[in-house]
Amino acid sequence: MMSSPLLCILAFLFLSYSRCIAAASGNTTGGWILVWQDEFNDNSIDATKWTFESHCKPANGELQCYTDKSDNARVENGHLVINVKNEKMGNKDFTSARLKTECDPDGSFLRGRFEMRAMLPRAKHLWPAFWLIPEDEVYGGWPKSGEIDIMEYRGQETSKMSSALHYGSPHAVTNTGPMNFPGVDFSREYHIFALEWDEKQMKWYMDNKNTFTVDMNKSWGSIYKAKGQPWDQRFHIIINVAVGGNFFTGYPPLTAQDIAKWEKPTMEIDYIRVYQKATGNYKAPKTGVPSSCLLSNSAQRMGLILGTTIGGVVLIVVVSVVIFIIYRRKRRAAADSSSSSSSDQMTKPLR
Ligand SMILES: [Ca+2]
């Protein structure tokens, strides 16, 4: 048995080491291991992690088209900036961006700590969100397979935000409603929005203060066969800024005067990080990425076209070279055989 002073020294060293590791990983609570991150420190959006959803068919009665243009989403000074613009596209008056990790083979997660440090818009009827959507719709289409909203916010209420779960059939919601944070202005300061999700609970945090807790281990509706469903599957991350829509039901509609007064129609994201624990049930089979991922943004489309073109040219060159080599060999063989036959003739003794 070790003497107690030695135990004390070892315990002190172990605790200091643990704190050191936690501090180095930017983590505050025990046991979380960083498994995925984007610090947005490169010159451009990392296409291996993020896929743009570009379309003019928004849900929820929203007013924007989503694009993959740098006007709407770009990396700037170590941050991802999503910028809403008041410009015509299709039959919409606004453009914005919505990005997802669905096409990253490592970008979907069963449980974990999901964390975003961001500054939000200051503009009436803008609706930024940091949320999770099921990778595979194991329990059916939305909302049966679930939706986890880590942060939603209205651009005219800069000290409020909300969190929610959507699930079931008929559609059920468990949510906070707008939570007020006196003294906070989400549009002027960076704050950390986080969800910790394990088999027992989901716990939401704002700047590491617990704002909302939901028990997982219960029935979430008659369409599910076991407790904890649909929260037992992989989910991927979505970040976007929408304009208007039914998130603003009961609010006066957006006017041209409101748009003229928009102070900051942008969301700046410093980082997004995902942590899991070494122990605990964080395992789920990977099911690959959907084939739609290959054609989901113009950069990837260009890459595909370029790759196909280069591949085609290389194939034509290789086939041509092979045909040329075979042709030359045949010609050489024919020439050799004709010269040998003529030399045979020359050496043939006269009868
Ligand atoms: Ca950053």
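### Some remarks on the overall build of the protein chain
- Counting its secondary structure elements, the protein chain contains three helices and 19 strands.
- A total of 351 residues make up the protein chain; the buried ones form 31% of that total.
- Across the protein chain, the fraction of contacts at a sequence separation of at least 24, relative to all contacts at a separation of at least 6, is 71%.

### Observations regarding the environment of Q64
- One can find Q64 in strand β3 (residues 64-66).
- Residue classification places Q64 among the buried positions, given that 27 C-beta atoms sit within 10 Å.
- For the pair Q64 and V243, spaced 179 residues apart in sequence, the C-alpha separation works out to 5.8 Å.
- Excluding residues that lie within four positions of it along the chain, Q64 makes contacts with P58, V84, K92, F94, T95, S96, A242 and V243.

### With respect to the pairing of strand β10 (residues 126-134)
- In terms of burial, β10 is a largely internal element, eight of the nine residues being buried.
- Judged from the nine bridges that link them, β10 and strand β18 (residues 235-243) form a sheet pairing that is antiparallel. When the sheet's bridge partners are listed, F130 is paired in β18 with I239.
- Two elements, β10 and strand β11 (residues 147-152), share four bridges in a ladder whose sense is antiparallel. Residue pairing for β11: W131 is matched across the bridge by D149.

### What about the nonpolar core?
- Counting residues in hydrophobic clusters, the biggest one holds 54 residues, and the most contacted among them are F130, I150, L195 and I269.
- Not counting residues within four places of it along the chain, the set of residues in contact with F130 comprises M116, I150, M151, F193 and I239.

### Overview of the pairing of strand β15 (residues 191-197)
- Looking at chain direction, strand β9 (residues 112-119) and β15 are connected through seven bridges and run antiparallel. Within the sheet, the bridge partner assigned to R113 lies in β15 and is E196.
- When β15 meets strand β16 (residues 201-206), the two strands line up antiparallel, connected through five bridges. In the sheet register, L195 faces β16, and the bridge partner there is W204.
- Linking β15 back to β16 in an antiparallel pair, the connection comprises three residues.

### Section: unusual backbone geometry
- Here the bond from W142 into P143 is cis, since omega is 5 degrees, no more than 30 degrees from zero.
- Summarising the element assignment, P143 is placed in the loop between β10 and β11.
- With an omega dihedral of 10 degrees, the bond running from Q229 to P230 counts as a cis peptide bond.
- Tracing the backbone through its elements, the reader meets P230 in the loop between β17 (209-215) and β18.
- Unlike most non-glycine residues, D207 shows phi in positive territory, near 50 degrees.
- In this structure, D207 sits in the loop between β16 and β17.

### Re the confidence of the model for the protein chain
- Of all residues in the protein chain, 83% have pLDDT values of 70 or greater, and the mean over the chain is 87.
- Throughout residues 1-28 the model reports pLDDT below 50, and contacts reaching past four residues in sequence, or to other chains, amount to seven contacts.
- In the model, residues 342-351 has pLDDT below 50 throughout and makes zero contacts with residues more than four positions away in sequence or in other chains.

The rules we used
- Residues numbered from 1 in each chain as written.
- Predicted model: local features only at pLDDT ≥ 70, side-chain atom pairs only at ≥ 80, totals over all residues.
- Helix = DSSP H or I, 4+ residues; strand = E, 2+ residues; numbered from the N terminus.
- Buried ≥ 20, exposed ≤ 12 C-beta atoms within 10 Å, placed from the backbone.
- Contact = placed C-beta atoms within 7 Å.
- Pairing = 2+ DSSP bridges.
- Core = buried A, V, L, I, M, F, W, Y, C linked by C-beta atoms within 7 Å.
- pLDDT = per-residue confidence, 0-100.

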